[in-house]
Amino acid sequence: SQQGEEDPQALSIQEGENATMNCSYKTSINNLQWYRQNSGRGLVHLILIRSNEREKHSGRLRVTLDTSKKSSSLLITASRAADTASYFCATDAVGSGGSNYKLTFGKGTLLTVNP
Amino acid sequence: DTAVSQTPKYLVTQMGNDKSIKCEQNLGHDTMYWYKQDSKKFLKIMFSYNNKELIINETVPNRFSPKSPDKAHLNLHINSLELGDSAVYFCASSSYSSGRARYNEQFFGPGTRLTVL
């Protein structure tokens, strides 16, 4: 069954506003990652947060992780039109065959930033 | 400069044909993957190879056969193509790190859009 579920499925905001996307998962994880996919392109890694971390920043990105609620959020501050893309969370679950070779992706949030 | 490359970018073919997609990474990674992304953008892992050995096979039909001639290449051959095989196929690679601090940030190729008519 699918591990990550993003919420909302689609989000439309104005340039300069903040965008928040959420991800929920079902089983214990080693880490959680966020990826961005521009239309017609491959996925690009944004940020990784480990299971023992609660918050992480990278530029305009802020990721939080609540392992008790099995959820994560991605905040993009001061959004730009170039941030328009699909955003996916991916989890590396504990006990996935004893390896870390498998990431399970959610269905993604389509973010549209209007100029 | 391309980190993970795939060829071809587009592939249009008839049902029943056999086709291959090639993937190469120049990042020095030891693990490579194939993913399938359907029309609803759901991305699902198909295969994972570590040091040329198959690690993950996610209940993919045996019409799909991956081949890893070396650590930098992972090709995907598909026999007897079906309509339902139409999707975008992504290759990715990562570096495996052992121990508790392991991580697997993955680097994706640009994708191959397969259309089966």
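No experiment lies behind these values; they were computed from the predicted model shown. (Residues numbered from 1 in each chain as written. Chains lettered and ligands numbered in written order. Predicted model: local features only at pLDDT ≥ 70, side-chain atom pairs only at ≥ 80, totals over all residues. Heavy atoms only, no water.)

**Q** Describe in detail the overall build of chain B, supporting the description with residues and values.
**A** Each helix and strand counted, chain B has zero helices and eleven strands in total. For chain B, the succession of helices and strands along the chain, N to C, is β-β-β-β-β-β-β-β-β-β-β. Its C-alpha atoms give chain B a radius of gyration of 14 Å, near enough to 13 Å, the size a compact globule of 117 residues would have. Projected onto its principal axes, the C-alpha coordinates of chain B cover approximately 45 × 30 × 30 Å. (Helix = DSSP H or I, 4+ residues; strand = E, 2+ residues; numbered from the N terminus. Rg over C-alpha atoms; globule rule 2.2 N^0.38 Å.)

**Q** Tell me what's going on with the pairing of strand E9 (residues 87-94) of chain B, and back it up with residues and numbers.
**A** Residues and elements named next belong to chain B. Burial of E9 is extensive: eight of the eight residues sit out of reach of the surface. Here E9 shows a buried face lined by Ala-87, Tyr-89, Cys-91 and Ser-93 and a second buried face lined by Val-88, Phe-90, Ala-92 and Ser-94. With seven bridges connecting them, strand E4 (residues 31-37) and E9 associate as antiparallel partners. Counted as the bridge partner of Lys-36 is Tyr-89 from E9. Taken together, the three bridges between E9 and strand E11 (residues 112-116) define a ladder with antiparallel strand orientation. Within the sheet, the bridge partner assigned to Ala-87 lies in E11 and is Leu-114. (Buried < 20%, exposed > 50% of the residue type's maximum accessible area, 1.4 Å probe, protein only. Pairing = 2+ DSSP bridges.)

**Q** Which residues make up the sheet that holds strand E7 (residues 64-70) of chain B, and what values do they have?
**A** All names here are of chain B. An order of E1-E3-E8-E7 is seen for the four strands of this open sheet, with the pairing classed as antiparallel. Each edge of the open sheet is held by one strand with a lone partner, namely strand E1 (4-7) and E7. Taking each pair of neighbouring strands and ignoring which way they run, the sheet shows an average axis angle of 20°. By the bridge criterion, four bridges tie strand E3 (residues 19-25) to strand E8 (residues 73-78) in an arrangement that is antiparallel. In the sheet register, Ser-20 faces E8, and the bridge partner there is His-77. (Axes fitted to C-alpha atoms, helices over the stretch in contact; angles between N-to-C directions.)

**Q** Give a description of the nonpolar core that names residues and reports values.
**A** Counting 21 residues, the largest nonpolar core has Leu-32, Trp-34, Leu-74, Ile-76, Tyr-87 and Leu-111 of chain A as the members making the most contacts within it. Leave out the neighbours within four places in its chain, and Leu-74 of chain A touches Ala-19, Thr-20, Met-21, Trp-34, Leu-46, Leu-61, Arg-62, Val-63 and Tyr-87 of chain A. Of all hydrophobic cores here, the second largest spans 20 residues; its members include Val-4, Phe-47, Leu-114 and Val-116 of chain B. (Core = buried A, V, L, I, M, F, W, Y, C linked by side-chain atoms within 4.5 Å. Contact = heavy atoms within 4.5 Å.)

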